[in-house]
Amino acid sequence: MKSHLRKEMKRVLNLISEEQHEAHSTSIANALYETCLWKEARVIAATVSRNKEVNTKAIIERAWKDGKKVAVPKCNPTTSQMVFYEITNFSQLETVYYGLAEPIVEETVPVSKSSIDLLLVPGVVYSKNGYRIGYGGGYYDRYLTDYSGQKLSLAFDCQVVSEVPYESHDIPVEYILTEKELICCESV
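The shown structure was predicted, so the numbers you read here are calculated from the model rather than taken from an experiment.

Caption draft 1: A look at the overall build of the protein. Tallying secondary structure elements over the protein gives five helices and 13 strands in all. The C-alpha atoms of the protein give 15 Å as radius of gyration, which agrees with the globular expectation for 188 residues (16 Å, within 12%). Expressed as lengths along the three principal axes of its C-alpha atoms, the size of the protein is roughly 40 × 35 × 30 Å. Put simply, the protein has 188 residues, and 48% of those count as buried. When contacts within the protein are restricted to residue pairs at least 6 apart in sequence, long-range pairs at least 24 apart make up 66% of them. Accessible surface, the protein: about 9,600 Å² in total, of which carbon and sulfur atoms supply 51%.

Caption draft 2: Spotlight on the pattern of salt bridges. Following the criterion strictly, the structure yields 13 salt bridges and no others. Among the ionic pairs, Glu174 bridges to Lys151, the shortest N-O distance being 3.5 Å. Here the residue Glu174 occupies a position in the loop between strand E11 (160-161) and strand E12 (175-177), and Lys151 occupies one in strand E10 (residues 150-154), the gap between them amounting to 23 residues. Taken together, the shared-partner salt bridges connect Lys2, Glu167 and Asp170 into one network.

Caption draft 3: Spatial organisation of the UniProt feature "binding site: substrate" (unreviewed entry) in the protein. Using the residue numbers shown here, the UniProt feature "binding site: substrate" (unreviewed entry) corresponds to Val48 and Glu53. Taking relative accessible area as the criterion, Val48 reaches 6% and is therefore assigned buried. Beyond its immediate chain neighbours, meaning those up to four positions away, Val48 contacts Glu53, Thr56, Lys57, Ile60, Val72, Leu93 and Ala101. Topologically, Glu53 is positioned in the loop between strand E1 (43-45) and helix H4 (57-65). A relative accessible area of 16% means that Glu53 is categorised as buried.

Conventions we followed
- Residues numbered from 1 in each chain as written.
- Predicted model: local features only at pLDDT ≥ 70, side-chain atom pairs only at ≥ 80, totals over all residues.
- Heavy atoms only, no water.
- Helix = DSSP H or I, 4+ residues; strand = E, 2+ residues; numbered from the N terminus.
- Rg over C-alpha atoms; globule rule 2.2 N^0.38 Å.
- Buried < 20%, exposed > 50% of the residue type's maximum accessible area, 1.4 Å probe, protein only.
- Contact = heavy atoms within 4.5 Å.
- Areas by Shrake-Rupley, 256 points an atom, 1.4 Å probe, with all protein chains shown as cover.
- Salt bridge = Lys/Arg side-chain N within 4 Å of Asp/Glu carboxyl O.
- UniProt positions renumbered as here; feature names shortened; annotations may be inferred.

Quick look at the structure:
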C-alpha cells in the first residue's frame, strides 16, 4: 500500500510544470518565513531538495541570511542512522547515492539533536494528521523517536491526502505547510 501511494504521488509530482514548481515552492517558502516556528528557530535542519520536492535551497540561503544555523543530514546506509552536520555554504555538500546532497563530514561539524529547533521533515505523501510516507528508508522515523523540537513538513497541496497507512513506530509531524495552508496536524 505504501509503495503504491509513493509511486503514484511521484507520478503526480512529475506532472507539475517547472513554472508551477517554482511558484509553489516560493509561496511555501514565503509562508514559512512568516511563521513563529521560523522566526523563533535558531537551528534549522533540512535535507537539500532534489527533483520535484519543495525547493529547500532558497530556504537554506534565507536561513543563513537571517543568521540561523543550518544542519543537513548524513545517512549511514550500514546502520540506517542519520547525523546532522552544520553547513555554511553549498560547497560543503557532496552527491551520494540516489542523487542526495549530503555534508562532507571532514568539512562540517556535527549538530546535536537537542540543539535543532525546527526540523523540516521530507516525504512523498502526507495525511492531515501528520503521518507521511517517505522514501522507504525509515531514517527519519528512527531519528524522530527522541527528537523534542518542532517537526514541519513542506509539501505541495497535491501531496496531502485524506489518510496514509502508518505503523506504531511511525512518528507524525506537527505541521504541514503547503502553498494553500498551514495544517496543524495535532488539531485534525
